[in-house]
Amino acid sequence: MPFNEPNPAEVRIISQRFSLENSASIDTYLANEGYAAFRKALEMGPEAIIEELKASSLRGRGGAGFPTGLKWSFVPRTSPKPKYIMVNADESEPGTCKDRLLMQFDPHQLLEGMLIGGVAVDSHQGYIYIRGEYRYLIPIVDKAIEEAYAKGFLGDNLLGTKFSFHVRTHTGAGAYECGEESALLESFEGKRGIPRIRPPFPAVSGAYQSPTLLNNVETFSSVPAILRMGGANYAGLGTPKNGGTRMLCLSGHVNKPGVYEVPLGFPMMRVIEELGGGMRNGKKLKAVIPGGSSCPMLKAEECDIPMDYDSLAKAKSMLGSGGMVVLDEDTDMVRVALRIMRFYQHESCGWCIPCREGTTWLKKILTRFVDGMGNENDIVMIGDLSKNMLGRTFCPLGDAAAMPTIAIIEKFRNEFEEYLANGPRAAVPQFAMAH
Amino acid sequence: MNLSPQLEQKFQQLIGNYPEGRQRSAMIPMLIYAQDEIGSVTPELMEEVAKRVGVTPLQVEEVMSYYSMLHRKPMGKFHVQVCTNISCMLVGGAELWDQACHKLGIGHKQVSEDGQISLEEVECMGACSWAPAVQVNYDFYHFVTPEKLDQLIDSLRKNAV
């Protein structure tokens, strides 16, 4: 795997081509089962594709984990309006860096997933919304699009059928909120990235008020393999209702951080020990953020858990976007709480009050705590404010800020109390968090 | 407003990417590509983009003010972005930020006196598994150490003329 060494414990389905020479080129893709699933999809037709996806128990890889087959079935494919395929490549949940690799090292796999989506919902136009910070990916993906046009996998009347499909890349300009599907659509239309009230969901009324099939990069990238191996076989890689494999972005205090593809249900402790090569500097594990910074962290003793949507939900956390952050015994949890809140405060779009005001006040209180001016009542207030924000916002950003904060306050209250008594355990950098 | 031939071509291509009547979608890509060339989002640029996508300059202004990568004032030739979000912070990102501030003598969103190097503390940019990370313009630097950051800034200074 580029950027970090592959690990024998991985099951590489969607990252199988990453280590090949010129893995992004169409020649490499075609020599390695490329576009075979699209041919199959054209023969299968929409119903059979969606049934296959349902059988695969593929769930959205962007964060919410919604069953993909079901989502695809919601798009009214007989609607007279144009239908759009939209790829969410606005990867920006802290801890997450997998979609970047999927676009850089296997863009044709993504295009093929979009094509299959096009067949399934009778769409002829797809867009890939790439976050502005990933500018270097645009020429790479554009080149793949050009190659696909040249070889007859994009364009009109593809492979001798009446099916036509076109793809364009689209760039964002720096806004976490645009990873939320309805805000992404607003941004795509050339507006501020504020969420829309739902229903109607994008499947019915998305881009330009037209039915829109919107999924994460990894979700679309998983579709070709599902059609090739069959939904049931793909499902069998994971655990019941949690089909297949997913990309885990391992970061934090481990020896070998990296992006690794593992079957759903892979034990969290094996991720740390085998993939991550154990804790850095022989330190003890304190906590794990399982799927991006919005996911409530698990204490070390809760980490004996399979990494799948349902197991983590049972533990009151989430698999989220696969951004697994490992924290060692020396980690200052109050600073972690502040850093997480500072992010959500910065990224709150300001559209709805509980999130805009909630994140701002929580950041202020946490800042004063870290500055050594907190008090006992602040600890209660941090928990109360977070709980009041939870479930009371237009989009999940408010929840994303509240959930990890509630968990930190509940699980590491003692550290907040120690802060009051002794101040920070180690020097806090001077300028970071100064604004 | 006079655009370079490259930018003119880019604008026309962007406009053509979207269905007829939906040209407003090209606004954000146009602003960011133009900013890369011009250095900032100027009032003239906003007017030009408004004209081309068929909205008022105010509607462009409203969008422009939302996105963190769009700037009204020019940043340096080299825009150094240090991530201090969670994954980077855990492995020294905040210390790197301090180091960059001290070494360059400037702070968040400030530009060096010669206008060549600017600094920004950024949120997660998707390099968590190879943290701590720094971006200069659009180029990523992974596993940055204090020594590497020192060398990076020195080499930018040499190229800055």
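As the structure is a prediction and not an experimental result, all values here were calculated from the model.

Colleague: Hey, could you go over the overall build of chain B for me, with residue numbers and the actual values?
Modeller: Each helix and strand counted, chain B has seven helices and five strands in total. For chain B, the succession of helices and strands along the chain, N to C, is α-α-α-α-β-α-α-β-β-β-β-α. In terms of overall dimensions, chain B has a C-alpha envelope of 50 × 35 × 25 Å along the principal axes. Per-residue burial over chain B gives 43% buried out of 161 residues. If you take every contact in chain B between residues at least 6 apart in sequence, the share linking residues at least 24 apart comes to 58%.

Colleague: Run through the overall build of chain A, naming residues and quoting values.
Modeller: Looking only at helices and strands, chain A has 17 helices and eleven strands in total. In terms of overall dimensions, chain A has C-alpha extents of about 75 × 45 × 35 Å along its principal axes. Contacts spanning at least 24 positions in sequence make up 71% of the contacts within chain A whose residues lie at least 6 apart.

Colleague: Describe in detail the sheet that holds strand 1 (residues 84-89) of chain A, supporting the description with residues and values.
Modeller: Residues and elements named next belong to chain A. Strand order across the open sheet formed by four strands is 3-2-1-4, with parallel pairing between neighbours. Of all strands in the sheet, those bounded by a partner on one side alone are strand 3 (166-171) and strand 4 (212-216). Direction aside, the axes of adjacent strands within the sheet are offset by 20° on average. The pairing of strand 1 with strand 2 (residues 125-130) spans six bridges and is parallel. Bridge pairing in strand 2 links Ala-89 to Ile-130. Relative to strand 1, helix 6 (residues 107-121) is tilted by about 145°, and along the sheet it contacts strand 1, strand 2, strand 3 and strand 4.

Colleague: Describe the pairing of strand 3 of chain A, naming the residues involved and giving the relevant values.
Modeller: Pairing geometry for strand 2 of chain A and strand 3 of chain A, over six bridges, is parallel. Of the residues in strand 3 of chain A, the one forming a bridge with Tyr-127 of chain A is Arg-168 of chain A.

Colleague: Got a sec to walk through helix 8 (residues 181-188) of chain A? Specific residues and values, please.
Modeller: Burial analysis of helix 8 of chain A places eight of its eight residues in the buried class, the great majority of the element. All of the buried residues in helix 8 of chain A are Glu-181, Ser-182, Ala-183, Leu-184, Leu-185, Glu-186, Ser-187 and Phe-188 of chain A. Looking at the buried residues of helix 8 of chain A, the elements they touch are strand 1, strand 2, strand 3 and strand 4 of chain A together with helix 2 (27-38) of chain B.

Colleague: Go over the nonpolar core, please, and point to the residues and values.
Modeller: By size, the foremost hydrophobic cluster in this structure holds 181 residues, and its most contacted members are Val-87, Ile-116, Leu-248 and Val-288 of chain A. The contact partners of Leu-248 of chain A, leaving out residues within four places of it in the chain, are Val-259, Tyr-260, Val-262, Val-271, Met-307, Gly-322 and Met-324 of chain A.

Colleague: Explain the interface of chain B and chain A residue by residue, including any values.
Modeller: Contact residues are listed per partner, giving 43 residues for chain B and 54 residues for chain A. Mapped onto the side of chain B that touches chain A, the elements with two or more residues apiece are helix 2, helix 4 (57-64), helix 5 (86-90) and helix 6 (93-104) of chain B. Within the side of chain B that touches chain A, the residues separate by chemical class into 24 nonpolar, twelve polar and seven charged.

Colleague: Pulling in residues and values, what's your account of the sheet that holds strand 9 (residues 298-299) of chain A?
Modeller: Residues and elements named next belong to chain A. Pairing is mixed in the open sheet, where five strands are placed in the order 6-5-11-8-9. Both edges of this open sheet fall to strand 6 (258-263) and strand 9, since each of them pairs with a single strand only. Two strands pair when backbone bridges link them, and strand 8 (residues 285-289) and strand 11 (residues 323-328) are joined in this way by four bridges, in the antiparallel orientation. Its bridge partner lying in strand 11, Val-288 is registered against Val-326. Against the sheet, helix 11 (residues 268-275) makes contact with strand 5 (245-252), strand 6, strand 8 and strand 11, and its axis sits at roughly 65° relative to strand 5, the strand it touches most.

Colleague: Could you give an account of the domain arrangement of chain B, naming the residues involved and the relevant values?
Modeller: In many analyses, interface size is given as the accessible surface area lost on bringing the parts together. Domain parsing of chain B yields domain 1 (5-64) and domain 2 (78-159). The C-alpha centroid of domain 2 of chain B is placed 29 Å from the C-alpha centroid of domain 1 of chain B.

Colleague: Quick one: what's the story with the pairing of strand 1 of chain A, residue by residue and with numbers?
Modeller: Residue and element names in this part refer to chain A. The buried fraction of strand 1 amounts to six of the six residues, a majority that puts the element mostly inside the structure. Here strand 1 shows two buried faces, one formed by Tyr-84, Met-86 and Asn-88 and the other by Ile-85, Val-87 and Ala-89. Here strand 1 pairs with strand 4 via five bridges, running parallel. The residue bridging Tyr-84 from the neighbouring strand is Thr-212, located in strand 4.

Parameters and conventions
Residue positions are counted from 1 within each chain, in the order its sequence is given. Chain A is the first chain written and ligand 1 is the first ligand written, with later ones labelled in order. It should be noted that, the model being predicted, local features are given only for residues of pLDDT at least 70 and side-chain atom pairs only at 80 or more, the latter also being counted only at that level, while totals for whole chains, interfaces and linings use all residues. The helix and strand labels rest on DSSP assignments: H or I over at least four residues marks a helix, E over at least two residues marks a strand, and numbering proceeds from the N terminus. Whether a residue is buried, exposed or partly exposed is read from the other C-beta atoms within 10 Å of its own C-beta, which are placed from the backbone; 20 or more gives buried, 12 or fewer gives exposed, and intermediate counts give partly exposed. By definition, residue pairs are in contact when their C-beta atoms, positioned from the backbone, come within 7 Å. In this analysis, strands are considered paired if DSSP registers two or more bridges between them. Interaxial angle, 0 to 180 degrees, is taken between N-to-C directions of lines fitted to C-alpha atoms, where a helix line uses only the stretch in contact. To count as a nonpolar core, a set of buried Ala, Val, Leu, Ile, Met, Phe, Trp, Tyr and Cys residues must be joined through C-beta atoms within 7 Å. Ten residue types, Ala, Val, Leu, Ile, Met, Phe, Trp, Tyr, Cys and Pro, are classed as nonpolar, four, Asp, Glu, Lys and Arg, as charged, and the remainder, Gly among them, as polar. The source of the domain bounds is an automatic or database domain assignment.

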